[in-house]
Amino acid sequence: MRDFAPVVGALARAQGQPQNFFSPYMSSAQRLPNGNTFIDEGSFGRLFEVTPGGEVVWEFVIPQFRSFGEGVGLESSPGAQNSVFRAYRYAAEQIPWL
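Quick caveat: nothing in here was measured; it's all calculated off a predicted structure. (Residues numbered from 1 in each chain as written. Predicted model: local features only at pLDDT ≥ 70, side-chain atom pairs only at ≥ 80, totals over all residues. Heavy atoms only, no water.)

(A) Fine view of the environment of I62. With respect to the secondary-structure elements, I62 resides in the segment after β4 (56-61). C-alpha separation for the pair I62 and G45, spaced 17 residues apart in sequence, amounts to 5.2 Å. Apart from the residues lying within four places of it in its own chain, the contact partners of I62 are G45, N82 and V84. (Helix = DSSP H or I, 4+ residues; strand = E, 2+ residues; numbered from the N terminus. Contact = heavy atoms within 4.5 Å.)

Next up, the structure:
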């Protein structure tokens, strides 16, 4: 698998205690061929991969924050956010043009 990140961001290797996560809306999860799970904690802009044992292998938090346009978004989520609706992880052989 190949990891992608914006030039302004960086992958952060997770260390320390196990973490809980929650997203009140949006998000996705994808089981990977190696048995790990790729998770999009959508409302907080966090993408990460966990092993079957619950160990966080890597994570990336989207560093750009923006506000929803007028009349768009949830009233419970005002102000600037780094939300991401859905994300997928692809193996390098699935995207040979990159």
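(B) Just the environment of V50, in detail. You can see V50 is positioned in strand β3 (residues 46-50). Under the relative-accessibility criterion, V50 is labelled buried at 12%. The spatial distance from the C-alpha of V50 to the C-alpha of T37 is 5.4 Å, given a sequence separation of 13 residues. Setting aside residues up to four positions removed in sequence, V50 forms contacts with N36, T37, I39, E55, V56 and V57. (Buried < 20%, exposed > 50% of the residue type's maximum accessible area, 1.4 Å probe, protein only.)

(C) Expanded view of the pattern of salt bridges. Going through the model one piece at a time under the given rule, you end up with three salt bridges. Of the charged contacts in the structure, one is a salt bridge between R46 and E41, with a shortest N-O distance of 3.2 Å. Notably, a salt bridge pairs R89 with E49, separated by 2.0 Å at the nearest N-O pair. Of this pair, R89 sits in the segment after β4 while E49 is found in strand β3, placing the two residues 40 residues apart along the sequence. For the pair shown, R89 and E49 are each scored as buried. Where salt bridges share partners, they join E41, R46 and E59 into one cluster. (Salt bridge = Lys/Arg side-chain N within 4 Å of Asp/Glu carboxyl O.)

(D) Representation of the sheet that holds strand β1 (residues 28-31). Spatial strand order, β1-β2-β3-β4: four strands in an open sheet with antiparallel pairing. Where the open sheet ends on each side, the last strands, each with one partner, are β1 and β4. Here the average twist between neighbouring strands, direction ignored, is 10°. Here β3 runs beside β4; their pairing, made up of five bridges, is antiparallel. The residue of β4 that forms the bridge with L47 is F60. (Pairing = 2+ DSSP bridges. Axes fitted to C-alpha atoms, helices over the stretch in contact; angles between N-to-C directions.)

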